[in-house]
2 protein chains.
Amino acid sequence: MSTLDTSSTGLQALLSPGAVRAAVLPVVRQQISSLEPTLARICSYHLGFTDEHGDPSGAASGKLTRASLMTAAAQGVGLRPEDVRIPAAALELLHNSTLVHDDIIDADELRRGRPAAWKVFGVGPAILAGDALQALALQMVVDDPGPCRAEISSAFAEALRLVLSGQSRELTVRLGSGTGIAEYDRILEEKTSALLQCALVTPALRAGSPEHVLTALRGAGRHLGLAFQIFNDVEDVWGDPAVTGKPVRGDIGRRNPSFPVLAGLSAGGPPSERLRELWHSDGTSAAHLQEMADLIEESGGRHRAEQRSRNHLESALEDLGRAGLSPAATAELTALFDRIVNRTA
Amino acid sequence: MSTLDTSSTGLQALLSPGAVRAAVLPVVRQQISSLEPTLARICSYHLGFTDEHGDPSGAASGKLTRASLMTAAAQGVGLRPEDVRIPAAALELLHNSTLVHDDIIDADELRRGRPAAWKVFGVGPAILAGDALQALALQMVVDDPGPCRAEISSAFAEALRLVLSGQSRELTVRLGSGTGIAEYDRILEEKTSALLQCALVTPALRAGSPEHVLTALRGAGRHLGLAFQIFNDVEDVWGDPAVTGKPVRGDIGRRNPSFPVLAGLSAGGPPSERLRELWHSDGTSAAHLQEMADLIEESGGRHRAEQRSRNHLESALEDLGRAGLSPAATAELTALFDRIVNRTA
């Protein structure tokens, strides 16, 4: 089961980002076009296929991170990319359903450098479009004729439940007075790791891999999500908006909990005290946000975040090694993990 | 397969509304309590189990129309109520997921006589709660250990897709300039009939009933939805808010398309012309709405709506007859159809 099948196609060609796009995007496009016309238009806009008038657009469709992970993991358990093409496309739709709703919930006006769907089409239609993506994703795995669709459907439903749970926990925490690092880890495991775990585990379910492989892949997905999201938190404060596609310091402006802030707040000492003061104030001016960013750095929050992200990436790679996938797929996933965490994928 | 099994429990006791509640609500409660605490609290409030503080509440949980239909249909194909207890509870959750989001989309402030979930908990948390109900419902049918879960999961996913399609079509039509009766029927078949068809068909799928039974039950659900929704439109204009739980004339105030209005507008003659004028004006005062109601009645819109609702109910009962369920279940469903359409169920 861990023998790589490269009989029909070369590994390198298949796993290039372009090849994953070529395999998965046609399925995504075809499924979207089956939706009611207004829903299709909103989803097509959100995915970067069209502009707000419905005309073809060259906008980015996202990095297809989850589809790429699933495709690479499939080869690692001896499957061909086409054996997971439907769940790979479905997982991208499921991920995007959460983004469409998340932008409404957070009042985020930008997504991938363009106005968010709710800003263009209104809150009501965007709620329905997110619902439709969610329903479509689950329908695709439920109706997928491939083997073990019941187990895969169950994994998808559970992953979605966890993402929603994490999003709700995050919202509650934001409204409350603060949170500890353990609670924050739990939020990330739910809202970020769950779909990455689903990406890695789905091929193993389809291939009927033994339990220890599933466990190792779940661990890899868990650590990968934590590494990715913590680095993402760092990018929110010090990243380039041209790369992230979002306004800089949006999360600290909204007082969303993030690892560098939590680490800064828990560090103790004068910069940490001053950071706490500002964090609990209403200030959102650029000067305010700059001072907070400087204080997070001075209190060691940035350093601890970068260190912790690296540690989780190492743990993810250790778990990946335990899964015993084919060497070529392991190498491919290792490179992919690194690109995902460092946002160059 | 159409033999009624009443060996363990009397039919009458099982099919009373109280008995359906007793069978289904514990499953609903248990599933809701498994959600993340904030999501559980919102869903529990929406379902009438608790008040806004999370304390037990005596509020109405809805009529469990879909669970009642499914339970009665189950007996009609020789199954016991407990054979469909999980899908019956799941279908109620799926229906409620659409209500939670629909109230946000329509800015409806009241649901079953209480403030809607989004008014109490905010739009963001209510979006997530609706998502969670949708995900939970699909997870329940996907993980249901009963027979033919793949077919039932597929029917649920398709029903949800249709509901969202109908809701989006309705929203688009409302924003546009008007709609014909054929387009309106299509909206109702999607947004209202789809879940009723799912309720009637699920037991037949579980029992492995032949295709002609499925076709007849789908037809019955289609007509039942049309009969119900058209009567519902009449109730919006002339019903008692104490019974409907919603402000009177909300739909015509928001210029939502409804059958009596469409029939009035297409009737021709002076009342119809005057109705068209008011319909395209901005007026939403009580005097405006009263004049519109009178004009709908004078132009024959109310009469045509009531007649059409009755005709669809008759067609639903004819299709039910063609399904060849057990006589006791057919009698029970006949009474239930009548109570659903006339809102006494």
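Residues numbered from 1 in each chain as written. Chains lettered and ligands numbered in written order. Predicted model: local features only at pLDDT ≥ 70, side-chain atom pairs only at ≥ 80, totals over all residues. Heavy atoms only, no water.

Peer 1: Where do I start with the overall build of chain A in this structure?
Peer 2: A tally of helices and strands in chain A yields 17 helices and two strands. Taking 345 residues into account, the globule formula puts the C-alpha radius of gyration at 20 Å, and chain A, at 20 Å, falls close to it. Taking the principal axes of the C-alpha coordinates as reference, chain A spans close to 60 × 45 × 30 Å. A burial count over chain A gives 59% of its 345 residues as buried. Within chain A, contacts between residues at least 6 apart in sequence are counted, and of these 71% link residues at least 24 apart. Accessible area of chain A: about 12800 Å², with a carbon and sulfur share of 53%. Put simply, chain A has 33 plus and 42 minus side-chain charges, and the middle of one group is 1 Å from the middle of the other. (Helix = DSSP H or I, 4+ residues; strand = E, 2+ residues; numbered from the N terminus. Rg over C-alpha atoms; globule rule 2.2 N^0.38 Å. Buried < 20%, exposed > 50% of the residue type's maximum accessible area, 1.4 Å probe, protein only. Contact = heavy atoms within 4.5 Å. Areas by Shrake-Rupley, 256 points an atom, 1.4 Å probe, with all protein chains shown as cover. Lys, Arg positive; Asp, Glu negative; His and termini not counted. Charge placed at Lys NZ, Arg CZ, Asp CG, Glu CD.)

Peer 1: Explanation requested: the interface of chain B and chain A in the structure shown.
Peer 2: By convention, interface size is frequently given as the accessible area that disappears when the constituent parts associate. Counting from both sides, the interface comprises 35 residues of chain B and, opposite them, 35 residues of chain A. Summing both partners gives a buried area of about 3000 Å² for chain B against chain A, and 67% of it is carried by carbon and sulfur. Its largest share of buried area at the contact with chain A, chain B owes to Glu36, Leu128 and Gln139 of chain B, together 18% of the area lost on that side. Counting across the chain B and chain A interface gives zero salt bridges. Counting across the chain B and chain A interface gives 12 residue pairs in polar contact (both at pLDDT 80 or more). Looking at the side of chain B that touches chain A, the elements with two or more residues in it are helix H3 (37–46), helix H5 (85–105), helix H7 (123–143) and helix H8 (149–175) of chain B. Here the side of chain B that touches chain A takes 15 residues from H8 of chain B, the largest share from any one element. (Buried area = accessible area lost by both parts, 1.4 Å probe. Salt bridge = Lys/Arg side-chain N within 4 Å of Asp/Glu carboxyl O. Polar contact = N/O pair within 3.5 Å; in protein donor to acceptor, adjacent residues only side chain to side chain.)

Peer 1: Help me understand the packing of aromatic side chains in this model?
Peer 2: To describe a pair of aromatic rings, you give the distance between the ring centres and the angle between the ring planes. Residue and element names in this part refer to chain A. Here the structure, examined in full by the defined rule, presents two aromatic pairs over all chains. Aromatic side chains tyrosine 45 and phenylalanine 121 sit 5.5 Å apart centroid to centroid with 75° between the ring planes, which places their arrangement in the edge-to-face category. Taken together, the positions of tyrosine 45 in helix H3 (residues 37–46) and phenylalanine 121 in helix H6 (residues 117–121) put the pair 76 residues apart, joining distant regions of the chain. Taking the relative accessible area as the measure of exposure, tyrosine 45 reaches 3% and is therefore buried. Over the ring of phenylalanine 49 we find arginine 29; its NZ or CZ atom is 4.1 Å from the centre of that ring. (Phe/Tyr/Trp six-rings, centres within 6.5 Å; stacked < 30°, edge-to-face > 60°. Lys NZ or Arg CZ within 6 Å of the ring centre and 35° of its normal.)

Peer 1: Looking at this structure, I do not really get helix H16 (residues 301–323) of chain A. What am I missing?
Peer 2: Since the α-helix turns once every 3.6 residues, residues separated by three or four places project in the same direction. Residues and elements named next belong to chain A. For H16, built from 23 residues, the straight-helix expectation of 33 Å at 1.5 Å per residue is met to within 8% by its first-to-last C-alpha distance of 33 Å. Its buried side turned inward, H16 meets helix H10 (211–238), helix H13 (259–265), helix H15 (286–298) and helix H17 (327–341). After H16 finishes, the residue glycine 324 shows a positive phi value of roughly 65°. (Expected span 1.5 Å × (residues − 1).)

Peer 1: Honestly, the relation of the copies chain B and chain A in this entry has me stumped. Any pointers?
Peer 2: What relates the pair of chain copies is a rotation about an axis plus a shift along that axis. The two copies are related by a screw motion: chain B maps onto chain A through a turn of 180° and a shift of 0.0 Å along the axis, at an RMSD of 0.0 Å. Both chain copies can therefore be described as sitting about a two-fold axis. (Least-squares fit on C-alpha atoms with pLDDT ≥ 70 in both.)

Peer 1: Is there a simple way to explain the environment of proline 257 of chain B in this structure?
Peer 2: All names here are of chain B. Here proline 257 is to be found in the loop between helix H12 (250–253) and helix H13 (259–265). Residue proline 257 is classed as buried on the basis of its relative accessible area of 8%. Between the alpha carbons of proline 257 and valine 173 there is a distance of 7.7 Å; along the sequence they are 84 residues apart.

Peer 1: Which parts of the structure should I look at to understand the environment of valine 120 of chain B?
Peer 2: Residues and elements named next belong to chain B. Structurally, valine 120 can be placed in helix H6 (residues 117–121). It is 9.3 Å that separates the C-alpha atoms of valine 120 and tyrosine 45, two residues lying 75 residues apart in sequence. Excluding residues within four positions of it along the chain, valine 120 makes contact with Tyr45, Glu52 and Pro115.

Peer 1: Looking at this model, I keep getting lost on the packing of helix H9 (residues 181–207) of chain B against helix H10 (residues 211–238) of chain B. Mind explaining?
Peer 2: All names here are of chain B. Two elements in contact, H9 and H10, have axes whose closest approach is 7 Å; the angle formed by their N-to-C orientations is 135°. Relative to H10, the element H9 is oriented oblique. The handedness of the crossing between H9 and H10 comes out as right-handed. Its residues assigned to classes, the contact of H9 with H10 shows 15 nonpolar, six polar and six charged. (Axes fitted to C-alpha atoms, helices over the stretch in contact; angles between N-to-C directions. Parallel < 35°, antiparallel > 145°, perpendicular 65-115°, else oblique. Left-handed = near helix turned anticlockwise from the far one by under 90°. Nonpolar A, V, L, I, M, F, W, Y, C, P; charged D, E, K, R; others polar.)

Peer 1: Just to check I follow, could you spell out the side chain of aspartate 185 of chain A for this structure?
Peer 2: Residue and element names in this part refer to chain A. Topologically, aspartate 185 is positioned in helix H9 (residues 181–207). Aspartate 185 gets classed as buried once you look at its relative accessible area, which sits at 11%. For aspartate 185, the residues in contact, after removing those within four places along its chain, are Leu226 and Arg308.

Peer 1: What's the story with the pattern of salt bridges in this structure? I'm lost.
Peer 2: Residue and element names in this part refer to chain A. Under the definition given, this model contains 36 salt bridges over all chains. Arginine 254 is the partner of aspartate 251 in a salt bridge, and the nearest nitrogen-oxygen pair spans 3.3 Å. Since its relative accessible area comes to 28%, arginine 254 is described here as partly exposed. Between arginine 274 and glutamate 277 there is a salt bridge, with the nearest N and O atoms lying 2.9 Å from each other.

Peer 1: Help me understand unusual backbone geometry, please; the structure alone is not making it clear to me.
Peer 2: Negative phi values dominate among residues other than glycine, just as trans dominates among peptide bonds. All names here are of chain B. One non-glycine residue with positive phi stands out, namely arginine 112, at about 50°. Considering the arrangement of structural elements, one finds arginine 112 in the loop between strand S1 (110–111) and strand S2 (114–115). Residues other than glycine seldom take positive phi values, yet cysteine 148 does so here, at roughly 60°. Position of cysteine 148 among the secondary structure elements: in the loop between H7 and H8. The exposure class of cysteine 148 is partly exposed, given its relative accessible area of 31%.

Peer 1: I would appreciate a short explanation of the state of the cysteines in the present structure.
Peer 2: Here a disulfide denotes a covalent bond joining the sulfur atom of one cysteine to the sulfur atom of another. Residue and element names in this part refer to chain B. Under the definition given, this model contains zero disulfides over all chains. Of all cysteine sulfurs, the one in cysteine 198 lies closest to cysteine 148, which takes part in no disulfide; the gap is 14 Å. Classification of cysteine 198 as buried rests on a relative accessible area of 4%. (Disulfide = S-S within 2.5 Å.)

Peer 1: Sorry, what's going on with helix H2 (residues 17–33) of chain B here?
Peer 2: Residue and element names in this part refer to chain B. When the terminal C-alpha atoms of H2 are compared, their 23 Å separation across 17 residues agrees well with the 24 Å that a helix rising 1.5 Å per residue should span. The largest bend along H2 reaches roughly 30° and is located at valine 24, with the proline proline 26 sitting one to four residues downstream. Restricting attention to buried positions, one finds in H2 the residues Ala19, Val20, Val24, Leu25, Val27, Val28, Gln31 and Ile32. (Bend = angle between axes of the 7 residues up to and from the residue.)

Peer 1: Would you mind showing me how to read the environment of aspartate 185 of chain A here?
Peer 2: Expressed as a C-alpha distance, the spacing of aspartate 185 of chain A and threonine 65 of chain A, which sit 120 residues apart in the sequence, is 21 Å. At 2.8 Å, the side chain of aspartate 185 of chain A and the side chain of arginine 308 of chain A are in polar contact.

Peer 1: How should the confidence of the model for chain A be read in this particular structure?
Peer 2: Across chain A, the average pLDDT comes to 90, with 92% of residues at or above 70. Overall, residues 1–14 of chain A carries pLDDT values under 50, and its contacts beyond four positions in sequence, including any with other chains, amount to 31 contacts. (pLDDT = per-residue confidence, 0-100.)

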